[in-house]
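The chain contents come next:
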Amino acid sequence: MTHDGTADRPVRWGVLATGKIARKFAADLALVPDAELVAVGSRSAGSAESFAAEHGAPGCRAHASYEALVADPDVDVVYVASPHALHLEHARLAFEAGKHVLCEKPLAVTAADAEAIVALARRHDRFLMEAMWTACHPVVRAVAAGLREGRFGTPRQWHAELGFVVDTDALAPDDRLLDPALGAGAMLDMGIYPLTTAHLLFGEAEVLTAAAAVSASGIDLDIAVAGRYPGGVVATMSASMTSWSSRTGTIATDRGRIDLADFHHPTRATFTPLAEGGDEGTELGVAVPIEGTEALIGVGYGNEAAEVGRCLRAGLRESPLVPHAQTLTLMRQMEDLLAQVGVTYP
């Protein structure tokens, strides 16, 4: 049995907050072997009860407060699914109750708050992982491994874009997508993905610069980032709350091109060789699928949940796939880029 007592039984999960992302996560969690959703917490008893009935394991408890959820003795790990600006408060609740934490991305709104969450995890000797499903995605991991091994040639350029139209007329001003106090803006919601994927594929950025369209309320509606990464890789990345992007990522190498559809959780990845010098039997100009390192669980949230379970059974306090240092590096990058375009958070 491991230090956390999870070797001979399922990892028992509690979900804090019952919004859209929590529902997606819970649907995938049901597909993860040796994992159970045993408790749900919401500020509304009705919301907790309906969520537990729809997504929970038999006997899943519905708590009408977050404090009651983290106090539940049967919960091993809490999935924090509240808005960015509340992550520090809610992670603190969980750690002080002795629970491990998987916290939705971004870990916080500011680098200082993210550092405080990491410090709390270490002080309480609890596991913490940012819920960056991209880092746990089997196809992204396969692409990263292939690049390290030189199978696709030397990467030279990365382009990625992620955006959708937010119907601002249909939302209240205090909606988390619009309210600066809740960390609204394209960078924290969407820009984190191209930046994180670049970090996973190429290493820590050497230079990053940004340009943006900023709303009257002070949030970035559209943001574009240019960067340089180790080995001379140059990157263009964008995030948008006002337009429908292609959601694609492309890596250009000296041998060909890697294309990722829905790059942050790839539904398809291919390598098209355009120059000689690679694997025998590959035909120039013909796209070859890149297969994942392991099976995809659900749409990908299941893989991050499985990684948490693996780490807990090994007695780890952070995941090698989403280490604390990586999370903090990305938070500092985003904070710096936002400062460049005049966006700051309370």
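Just so it is clear, the model here is predicted, and its values are computed rather than measured. (Residues numbered from 1 in each chain as written. Predicted model: local features only at pLDDT ≥ 70, side-chain atom pairs only at ≥ 80, totals over all residues. Heavy atoms only, no water.)

A. Up close: the pattern of salt bridges. Evaluated as defined, the whole model comprises 15 salt bridges. In this structure, Asp-76 engages Arg-12 in a salt bridge whose closest nitrogen and oxygen atoms are separated by 3.3 Å. Placement of Asp-76 in the loop between helix H3 (66-71) and strand E4 (77-80) and of Arg-12 in strand E1 (residues 11-16) is noted, with a sequence separation of 64 residues between them. The exposure classification of Asp-76 matches that of Arg-12, with both residues buried. The network of salt bridges with common partners includes Arg-9, Arg-12, Arg-61, Asp-72, Asp-74 and Asp-76. (Salt bridge = Lys/Arg side-chain N within 4 Å of Asp/Glu carboxyl O. Helix = DSSP H or I, 4+ residues; strand = E, 2+ residues; numbered from the N terminus. Buried < 20%, exposed > 50% of the residue type's maximum accessible area, 1.4 Å probe, protein only.)

B. Expanded view of the sheet that holds strand E5 (residues 100-104). Reading across the sheet, the six strands line up as E3-E2-E1-E4-E5-E6 and stay open at both edges, with parallel pairing between neighbours. Of all the strands in the sheet, just strand E3 (61-63) and strand E6 (128-131) have a single pairing partner and so form its edges. Between one strand axis and the next, the sheet turns through 25° on average, direction left out of account. Across four bridges, E4 lies against E5 in parallel orientation. Bridging across to E5, Val-78 finds its partner in Val-101. (Pairing = 2+ DSSP bridges. Axes fitted to C-alpha atoms, helices over the stretch in contact; angles between N-to-C directions.)

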